[in-house]
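# Structural characterization, general
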Amino acid sequence: MAKNFFITGTDTDSGKTLVTAALLHKASQQGLQSLGLKPIAAGAELIEQQLQNDDARLLMRYSSVKLAYQQVNPVVFAPPIAPHIAAEQSGTRVTIRQLVGFVRGAMLSPADFRCIEGAGGWLVPVNSREPLSQLAVSLELPVILVVGVKLGCINHAMLTAAAIARDGLQLAGWVATQLDPNMLHYAENLQTLQQILPAPCLGTIPFLDLADDKKVTAAAEFITLPMQ
């Protein structure tokens, strides 16, 4: 049976895309057909006369199941701002129902391991009424939480874990990413997270000062695939 997961983070730039790509790479290394999706993204440039987001393109490179760009990232905006603001500025209304339809369509492609990456944190809005978390709720997906380890991350991680539980979803695991190589008491913060988060730690990725492709392959060495 295929394993499907929603990837969220404690904040923007927590390392969600790195972890998602590394999980896809790890799955492929283990002989699994992997597929990564980025249903909504803000921050893109014209490539081959089409707006394309770098994070979505990275997921495409590490997915063994190859889909067209518009299937991987069906909703994309040029400015690197909150998606609901980008939508408002472009005169577009995005709904969870639309995103659910896009994702379900892409998930018809056979795969053993799928990761659907969110945008920003758990409760980032897609419109004035709906947070993106409702996509995971509608699809009943277990969640992998990416914790960008920095000052304040323990509070952010606990609040996010509580919100996931409140929405009735399973926290399948979490991954720590080191954002600052000089962070004080990094190990102690990790130990606290391991003690208080109600899910298994799937890995701790150290600060990696590498280009994207080398960073993904290096990160994959520090994580394990979720068992659920």
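Read on for a plain summary of the structure.

Analysis parameters
- Residues numbered from 1 in each chain as written.
- Predicted model: local features only at pLDDT ≥ 70, side-chain atom pairs only at ≥ 80, totals over all residues.
- Heavy atoms only, no water.
- Helix = DSSP H or I, 4+ residues; strand = E, 2+ residues; numbered from the N terminus.
- Contact = heavy atoms within 4.5 Å.
- Areas by Shrake-Rupley, 256 points an atom, 1.4 Å probe, with all protein chains shown as cover.
- Buried < 20%, exposed > 50% of the residue type's maximum accessible area, 1.4 Å probe, protein only.
- Polar contact = N/O pair within 3.5 Å; in protein donor to acceptor, adjacent residues only side chain to side chain.
- Axes fitted to C-alpha atoms, helices over the stretch in contact; angles between N-to-C directions.
- Parallel < 35°, antiparallel > 145°, perpendicular 65-115°, else oblique.
- Left-handed = near helix turned anticlockwise from the far one by under 90°.
- Nonpolar A, V, L, I, M, F, W, Y, C, P; charged D, E, K, R; others polar.

### A closer look at the overall build of the protein
A count of helices and strands for the protein gives 9 helices and 10 strands. Within the protein, counting contacts between residues at least 6 apart in sequence, those at least 24 apart form 77% of the total. Only carbon and sulfur atoms are counted for the fraction: they give 53% of the accessible area of the protein, which is about 10600 Å².

### Quick look at the environment of aspartate 11
Here aspartate 11 lies in the loop between β1 (3-9) and α1 (16-29). Here aspartate 11 falls in the partly exposed class, since its relative accessible area comes to 29%. Sequence separation between aspartate 11 and valine 147 is 136 residues, and the spatial gap between their C-alpha atoms is 8.0 Å. Non-local contacts of aspartate 11, meaning those with residues more than four positions away in its chain, are made with Lys16, Gly120 and Lys150. Looking at aspartate 11, its side chain comes within polar contact range of the side chain of lysine 150, at 3.4 Å.

### Points about the packing of helix α7 (residues 153-166) against helix α8 (residues 186-196)
Closest axis-to-axis distance for the α7/α8 pair is 10 Å, and the angle between their directions is 20 degrees. Taken together, α7 and α8 sit at an angle that is classed as roughly parallel. For α7 against α8, the interelement crossing comes out right-handed. Mapping the contact onto sequence places Cys153, Ile154, Ala157 and Met158 in α7 and Asn189, Thr192, Leu193 and Ile196 in α8. Split into classes, the residues belonging to the contact of α7 with α8 amount to 6 nonpolar, 2 polar and no charged.

Remember that the coordinates give geometry; whether it matters functionally is a separate question.
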